[in-house]
Amino acid sequence: MIYYFFSLNPEKHLIQVEFRLGNITENQLKVQFPAWRPGRYQLQHFAKNIKDFHAYDQDGNSISIQKYKKDGWIANTEHTQTLIIRYSYYASEINAGSSFLNADLLYINPVNLCLYVEERMNEPCELIIHNPEKKKIACGLGSLQSEDNLILKARDFHHVADSPLVMSHYLETITYHADNIPFHFHIHGNMDFDNERLIHDFRLFTENQIRIFGGFPEKDYHFILIVPQHPYYHGVEHRNSTMMVLGPDSSEPEEIYQEILGLASHELFHTWNICKIRPAELLPYDYSKENYFATCFIAEGVTTYYGDKALFDSGVFTQEQYYKELETRYKRHFEESDPASQSLLESSYDLWLDGYEKGIPNRKVSVYHKGAIAAQILDGMIRKKFNGKKSLDDVMRIMWERFGRPFKGYLYKDYQDICEEVFEGSLSAYFKKIIESNESVLHDLNGQLKEIQLYVERDAYGMVKLKSLSEQ
Ligand SMILES: [Zn+2]
């Protein structure tokens, strides 16, 4: 599959796309548009952004293409070996999972606007971007400028879908190395920070995470940051990159810098946990419909826990900063979702229902916040039993060795088994209560916090504070 992109109408935010597929032997071919994107487990119906959809044969003659569902078409390929489809994609929104075009910026999340043919998804793909102005590019895929075009090659459609790109004249890139791997930080937009400090801090949390797993899964990595004009905070993980959108709000520059660190450390941890250590239900991704899975408390909860912990353990965050992050997390969980009628497992399925909305009161829990608390409780239990000689790090390392490295999907039961193997004993009470029930975890959390002389106090109004035991 080859995709050509033209930005002829930046003022109208329209990206022109040409899709080409050769070696066709069938009389009819089904083409599909992605309905969602990995990282956000919710249908987004990207097909609503396309218009002027037409199909052609290898000589450029029109051929018939019939819509048979909201994001699927059947092309008549009886008399052609090559199918060409042209359409426009309306790219007017900037978040970490969208696409955007104006005179300054071409930002493409290919999963938003690339058609695919299911039977041919595993073939190598090419992205060809018309770039006569020779704008700079940030992308996890390598690129080559050839005359007026920029050419990017991908192993298969999944690789395409997982490689967002940003093109602009104003891109700035700084690079550091950790474990001999180059890490690039690309920024489009205005944000004031000290490059040397950023590189120093990024290297520290990167090295911390690499140490947990014993190596980095990719040959390089790209943090891609767009700074919009308005306040915004959003990141999406990809196999060797992350797309981050962080707009300035009224906060102090120092607070925004802490936010970049928090977001970047979280997204980097996903390089292992979900990009490689992937729930079996998501391997491979089916972009045409919901991919239900029970274990988002591992994918997002464990990642949230480690994102901040890596910053603290590597010395980037002070203890005060780390405890402030923990308190924010506890407030979000206990003040917003305790009590809740659902367990972590149930709320994982319901990401597809209303996971990214506030939802009705006291129904669901956040797989991020409660998931991170669940990870912290388990980490504390393991550390306590083995006097700090074992921890959740051992669980994640085994998950990487058995499922991530061989790229084999895991099930909830696999995670339970590995946790018990590391714990050298039954954890069924932990899983039944913390993961599978809707009982409050406040008491369990306080049991672990006691080990570091802290506790969570909840007042009569349900408001939460993280306090030192000496204040009691
Ligand atoms: Zn995440």
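Just so you know, these numbers come straight off a predicted model, no measurement behind them.

Here we look at the overall build of the chain
Phase 1 of the analysis: Secondary structure assignment for the chain yields 13 helices and 22 strands.
Phase 2 of the analysis: Taken over the C-alpha trace, the chain has a radius of gyration of 23 Å; the compact-globule value for 472 residues is 23 Å, and the two agree within 12%.
Phase 3 of the analysis: With respect to the three principal axes, the spread of C-alpha positions in the chain is 80 × 45 × 45 Å.
Phase 4 of the analysis: Within the chain, the proportion of its 472 residues that are buried is 43%.
Phase 5 of the analysis: By sequence separation, contacts in the chain at least 24 residues apart represent 66% of the contacts at least 6 residues apart.

So, the nonpolar core
Phase 1 of the analysis: In this structure, Met244, Ala374 and Met399 are the most contacted members of the largest nonpolar core, which totals 129 residues.
Phase 2 of the analysis: It is helix H5 (residues 296–313) that provides the largest number of residues to this core, a total of nine residues.
Phase 3 of the analysis: Those residues in contact with Ala374 that lie beyond four places of it in its chain are Phe297, Gly301, Leu344, Ile434 and Ile435.

What about helix H4 (residues 253–269)?
Phase 1 of the analysis: In this model, H4 (17 residues) spans 25 Å end to end at C-alpha, consistent with the 24 Å of a helix rising 1.5 Å per residue.
Phase 2 of the analysis: For H4, the set of buried residues is Ile256, Ile260, Leu261, Gly262, Leu263, Ala264, Ser265, His266, Glu267, Leu268 and Phe269.

Here's the deal with the packing of helix H3 (residues 195–213) against H5
Phase 1 of the analysis: Orientation of H3 relative to H5, taken along the N-to-C sense of each, is 115°, at an axis distance of 8 Å. One way to sum up the angle between H3 and H5 is to call them roughly perpendicular. Taken as a pair, H3 and H5 cross one another with a handedness that is right-handed. Where H3 approaches H5, its residues Phe205, Asn208 and Gln209 are matched on the opposing element by Ala310, Leu311 and Asp313.
Phase 2 of the analysis: The residue inventory of the contact of H3 with H5, partitioned by class, reads three nonpolar, two polar and one charged.

A word on the environment of Trp352
Phase 1 of the analysis: With respect to the helices and strands, the residue Trp352 is situated in helix H8 (residues 351–354).
Phase 2 of the analysis: Taking the C-beta count within 10 Å as the criterion, Trp352 has 17 such neighbours and is therefore assigned partly exposed.
Phase 3 of the analysis: Along the sequence, Trp352 and Leu43 sit 309 residues apart, while their C-alpha atoms lie 6.9 Å from each other.
Phase 4 of the analysis: Among all residues touching Trp352, those that are not within four sequence positions of it are Tyr41, Gln42, Glu290 and Tyr292.

Looking at the domain arrangement of the chain
Reports often express the size of an interface as the amount of accessible area lost when the parts come together.
Phase 1 of the analysis: The domains assigned to the chain are domain 1 (2–168), domain 2 (172–253) and domain 3 (280–471).
Phase 2 of the analysis: Taken over C-alpha atoms, the centre of domain 1 sits 27 Å from the centre of domain 2.
Phase 3 of the analysis: Of the residues lining the interface, 15 residues belong to domain 1; the matching set on domain 2 comes to 18 residues.
Phase 4 of the analysis: Mapped onto the side of domain 1 that touches domain 2, the elements with two or more residues apiece are strand E12 (136–139) and strand E15 (165–168).
Phase 5 of the analysis: Its residues placed into classes, the side of domain 1 that touches domain 2 shows eight nonpolar, six polar and one charged.

Comments concerning the sheet that holds E12
Where strands meet in a sheet, backbone hydrogen bonds hold them as pairs that are either parallel or antiparallel.
Phase 1 of the analysis: The antiparallel open sheet is built from four strands, whose spatial order is E9-E10-E15-E12. The open sheet terminates on both sides in strands that have one partner only, identified here as strand E9 (100–101) and E12.
Phase 2 of the analysis: Pairing geometry for E9 and strand E10 (residues 106–108), over two bridges, is antiparallel. Pairing of Phe100 across the sheet is with Tyr107, part of E10.

Overview of the sheet that holds strand E17 (residues 181–188)
Phase 1 of the analysis: Across the sheet, which stays open at both edges, the five strands sit in the order E16-E17-E18-E20-E19 with mixed pairing between neighbours. Only two strands of the sheet have a single partner each, and these edge strands are strand E16 (172–178) and strand E19 (232–237). Going across the sheet, the axis of each strand differs from the next one's by a mean of 15°, ignoring polarity.
Phase 2 of the analysis: Direction of pairing for E17 relative to strand E18 (residues 221–226): parallel, over a ladder of six bridges. In the sheet register, Ile187 faces E18, and the bridge partner there is Leu225.
Phase 3 of the analysis: Sitting on the sheet, H3 touches E16 and E17, and the angle it makes with E16 is about 40°.
Phase 4 of the analysis: Its contacts with the sheet place H4 against E18, E19 and strand E20 (241–247), and it is angled at close to 155° to E20.

Considerations on the packing of helix H9 (residues 369–385) against helix H12 (residues 428–435)
Phase 1 of the analysis: Where H9 contacts H12, the axes come no closer than 11 Å and their chain directions differ by 160°. Looking at the two axes, H9 sits roughly antiparallel to H12. Where H9 crosses over H12, the two elements pack in a sense that is right-handed. Across the interface between the two elements, Ala374, Ile377, Leu378 and Met381 of H9 pack against Tyr430, Ile434 and Ile435 of H12.
Phase 2 of the analysis: Here the residues of the contact of H9 with H12 sort into seven nonpolar, no polar and no charged.

A closer look at the pairing of strand E1 (residues 2–9)
Phase 1 of the analysis: The sheet contact formed by E1 and strand E11 (residues 125–130) spans four bridges and is parallel. Directly across from Tyr3, in E11, lies its bridge partner Leu127.
Phase 2 of the analysis: Taken together, the six bridges between E1 and strand E2 (residues 14–21) define a ladder with antiparallel strand orientation. For Asn9, the partnering residue across the bridge sits in E2 and is Leu14.
Phase 3 of the analysis: Hairpin connection between E1 and E2: a loop of four residues separates the two successive antiparallel strands, and His13 in this loop has a positive phi of roughly 60°.

Points about the environment of Ile199
Phase 1 of the analysis: Tracing the chain through its elements places Ile199 in helix H3.
Phase 2 of the analysis: According to the C-beta neighbour criterion, Ile199 is partly exposed, with 16 such atoms within 10 Å.
Phase 3 of the analysis: Here the alpha-carbon distance between Ile199 and His177, two residues 22 residues apart in the chain, equals 9.2 Å.
Phase 4 of the analysis: For Ile199, the residues in contact, after removing those within four places along its chain, are Ile174 and Tyr176.

Calculation notes
- Residues numbered from 1 in each chain as written.
- Predicted model: local features only at pLDDT ≥ 70, side-chain atom pairs only at ≥ 80, totals over all residues.
- Helix = DSSP H or I, 4+ residues; strand = E, 2+ residues; numbered from the N terminus.
- Rg over C-alpha atoms; globule rule 2.2 N^0.38 Å.
- Buried ≥ 20, exposed ≤ 12 C-beta atoms within 10 Å, placed from the backbone.
- Contact = placed C-beta atoms within 7 Å.
- Core = buried A, V, L, I, M, F, W, Y, C linked by C-beta atoms within 7 Å.
- Expected span 1.5 Å × (residues − 1).
- Axes fitted to C-alpha atoms, helices over the stretch in contact; angles between N-to-C directions.
- Parallel < 35°, antiparallel > 145°, perpendicular 65-115°, else oblique.
- Left-handed = near helix turned anticlockwise from the far one by under 90°.
- Nonpolar A, V, L, I, M, F, W, Y, C, P; charged D, E, K, R; others polar.
- Domains from an automatic or database assignment.
- Pairing = 2+ DSSP bridges.

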